[in-house]
There are 2 protein chains.
Amino acid sequence: MARKQEFNTDEALHHALGAFWNKGYEATSLADLLQATGLSKSSLYNVFGCKRELFLSAFDAYRKERGSDMIEMLSSGTAREGIERFFRKIVMDAASPDFHRGCMSINQAVEMAPRDPEVRDRVTQDFQAIEDLLTGAIDRAQTDGSISSRRTARDLAKLLVLSFPGLQVMTRAGVSKNRLDSFLDTLLSILDQDAPAR
Amino acid sequence: MARKQEFNTDEALHHALGAFWNKGYEATSLADLLQATGLSKSSLYNVFGCKRELFLSAFDAYRKERGSDMIEMLSSGTAREGIERFFRKIVMDAASPDFHRGCMSINQAVEMAPRDPEVRDRVTQDFQAIEDLLTGAIDRAQTDGSISSRRTARDLAKLLVLSFPGLQVMTRAGVSKNRLDSFLDTLLSILDQDAPAR
DNA sequence: GATTTAGGGGACCGAAAGGTCCAGAAAAGG
DNA sequence: CCTTTTCTGGACCTTTCGGTCCCCTAAATC
């Protein structure tokens, strides 16, 4: 009886996500979303509801995937390797000459969180999740011996969490990969030893 | 002959600055700016030009003042005291229950920098200025002995610069002052010794 | 192939966006 | 007190915003 949907809902959602990730919420117009998804206005509204609902769906998809990615990246090899892998990945974004996206959660912490409780809650959860995952990884390192610093896992995690937005924001602002690598090298050195010989 | 301007241009600029700082560029409408400044539309356009020009003027005023503030805060007492004073001030913003503003340069690194070269240049300069000022302060500490870490001044400065956006973004996202203080305590501890006994 | 049902393109809408402009009012100088 | 100048308020304009709705079309079943 019924006709089948011609487009892939999930794909469309991810195209919309790309637009919101690049330009933020306010600066992304419906026209942008239609172009990004390739949908007609009625299809978009039928499937995703209003702009704000679409945004929240896209944001949640982003958060879910990034959470999984982070767990995966942290989990293979030694804890130290996992942590380095996680942070190196962030900086790789800066190497692409075109648009710099940074981390959408950080971007939204700046744009929407101050005036939108639903976004604020998500962002707060994300900060907490990052801290917990990093703490877990560093805890694991105390077993595998890959981190030689004598600081507590919680303290090291705090330093990493505190630096995470810095790397993401600099990436978004277009700081060169070289400079970011240098920041990251310094950051990671706090895991290895407490008084680096440089 | 001529009639005198009834309002104080600088005051009006700062009221506009407040609006842009709170809501960002896109989300601040002309109506918001008129309400914030108390000016009529024609006065605002006569004195400040279009929205974008007004924004850049306000942003530059912000940057200039924050630069002076930072120099002043870093300069009195020991270098270590100056650095702590500078960072404690950031976290104080989080104590106010109403709107959280964060650092406008960081906010703009997220919002405008990716698509606006003029904003990007300013933001890049600000990152560099913060790094240079902090490096200078830590250099000074090597003379006054207030920082006991054996890391290089440049490395310590990098860790502080990298953490600066984190504190600002968390402030803007509404993270509690307690949590921010705890992050800051950990951050400042890297200045004091390389293996804190905790 | 007819019927049924939902998808899709786009016309249409009111509101609000940023921006222009003009007429009137008010102050400073002569 | 009159003239000149410019500041001020608000009417007005165009465009774009997010959002609704309808009609035609196309597919799946019988």
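None of the values given here were measured: they were computed from a predicted structure.

Calculation rules
- Residues numbered from 1 in each chain as written.
- Chains lettered and ligands numbered in written order.
- Predicted model: local features only at pLDDT ≥ 70, side-chain atom pairs only at ≥ 80, totals over all residues.
- Heavy atoms only, no water.
- Core = buried A, V, L, I, M, F, W, Y, C linked by side-chain atoms within 4.5 Å.
- Buried < 20%, exposed > 50% of the residue type's maximum accessible area, 1.4 Å probe, protein only.
- Contact = heavy atoms within 4.5 Å.
- Buried area = accessible area lost by both parts, 1.4 Å probe.
- Salt bridge = Lys/Arg side-chain N within 4 Å of Asp/Glu carboxyl O.
- Helix = DSSP H or I, 4+ residues; strand = E, 2+ residues; numbered from the N terminus.
- Phe/Tyr/Trp six-rings, centres within 6.5 Å; stacked < 30°, edge-to-face > 60°.
- Least-squares fit on C-alpha atoms with pLDDT ≥ 70 in both.
- pLDDT = per-residue confidence, 0-100.
- Axes fitted to C-alpha atoms, helices over the stretch in contact; angles between N-to-C directions.
- Parallel < 35°, antiparallel > 145°, perpendicular 65-115°, else oblique.
- Left-handed = near helix turned anticlockwise from the far one by under 90°.
- Nonpolar A, V, L, I, M, F, W, Y, C, P; charged D, E, K, R; others polar.
- Expected span 1.5 Å × (residues − 1).

1. Considering the nonpolar core
Soluble globular proteins tend to pack their nonpolar side chains together in the buried interior. Residues A:I83, A:F87, B:I83 and B:F87 are the most contacted members of the largest nonpolar core, which totals 132 residues. Among all residues touching B:I83, those that are not within four sequence positions of it are B:L74, B:L134, B:A137, B:I138, B:I147, B:L160, B:L188 and B:L191.

2. Quick notes on the interface of chain B and chain A
With 46 residues of chain B at the contact, the number on the chain A side is 46 residues. Carbon and sulfur atoms supply 66% of the area that chain B and chain A bury against each other, a total of about 4,100 Å² over both sides. When the area that chain B buries against chain A is broken down by residue, the three leading residues are B:V110, B:R151 and B:L162, summing to 16%. Applying the counting criterion to the chain B and chain A interface returns 2 salt bridges. Across the salt bridge formed by B:E131 and A:R179, the nearest N and O atoms sit 2.9 Å from each other. Residue contributions to the side of chain B that touches chain A peak at 13 residues, all from helix 8 (residues 153-173) of chain B.

3. Observations regarding the packing of aromatic side chains
Residues and elements named next belong to chain B. By the definition in use, this model includes 14 aromatic pairs over all chains. Summarising the aromatic geometry, the rings of F86 and F87 are spaced 5.1 Å apart at their centres and angled 80° between planes, so their arrangement reads as edge-to-face. Seen from their ring centres, F86 and F164 are 6.0 Å apart, and the 10° between their planes marks the pair as stacked. On the criterion of sequence distance, the pair formed by F86 in helix 5 (residues 79-92) and F164 in helix 8 is long-range, its members being 78 residues apart.

4. Points about the relation of the copies chain B and chain A
One copy of the chain maps onto the second through a rotation about an axis and a displacement along it. Take chain B, turn it by 180°, move it 0.0 Å along the axis, and it overlays chain A with an RMSD of 0.0 Å. With respect to symmetry, the two chain copies, as superposed, fit the operation of a two-fold axis.

5. A look at the confidence of the model for chain A
Across chain A, the average pLDDT comes to 91, with 95% of residues at or above 70. Model confidence for chain A, summarised as mean pLDDT per element, is weakest for helix 3 (residues 41-48) of chain A at 89 and strongest for helix 6 (residues 104-111) of chain A at 98.

6. Remarks on the environment of B:L191
All names here are of chain B. Note that L191 resides in helix 9 (residues 177-192). L191 gets classed as buried once you look at its relative accessible area, which sits at 0%. It is 9.8 Å that separates the C-alpha atoms of L191 and A157, two residues lying 34 residues apart in sequence. Leaving out residues up to four positions away in the same chain, L191 has contacts with R80, I83, I147, S148, S149, L156 and L160.

7. Side note on the pattern of salt bridges
Residue and element names in this part refer to chain A. A complete count under the given rule lists 36 salt bridges over all chains for this structure. With a closest N to O distance of 3.1 Å, K23 and D32 form a salt bridge. Salt bridges sharing partners connect three or more residues here, namely R52, D60, R63, D116, E118, R122 and D126.

8. Things to note about the packing of helix 1 (residues 9-23) of chain B against helix 2 (residues 30-37) of chain B
Residue and element names in this part refer to chain B. Remark: helix 1 packs on helix 2, axes separated minimally by 8 Å, with the N-to-C direction vectors making an angle of 135°. Here helix 2 runs oblique to helix 1, going by the angle between their axes. Considering the relative orientation of helix 1 and helix 2, their crossing is right-handed. Contact residues: A12, H15, A16, A19, F20 and K23 in helix 1; D32, L33, A36 and T37 in helix 2.

9. Considering the packing of helix 4 (residues 51-75) of chain A against helix 5 (residues 79-92) of chain A
All names here are of chain A. Look at helix 4 against helix 5: their axes get within 6 Å of each other, and the N-to-C directions meet at 135°. It follows from the interaxial angle that helix 4 and helix 5 lie oblique. Touching M70, M73 and L74 of helix 4 are G82, I83, R85, F86 and K89, all from helix 5. In the contact of helix 4 with helix 5, the residues fall into 5 nonpolar, 1 polar and 2 charged.

10. Here's the deal with helix 9 (residues 177-192) of chain A
Look at helix 9 of chain A: 22 Å from first C-alpha to last across 16 residues, which is about the 22 Å you get at 1.5 Å a residue. Turning to helix 9 of chain A, its buried residues number three or more, namely A:L180, A:D181, A:F183, A:L184, A:T186, A:L187, A:L188, A:S189, A:I190 and A:L191. Contacts from the buried residues of helix 9 of chain A go to helix 5 and helix 8 (153-173) of chain A together with helix 7 (117-144) and helix 8 of chain B.

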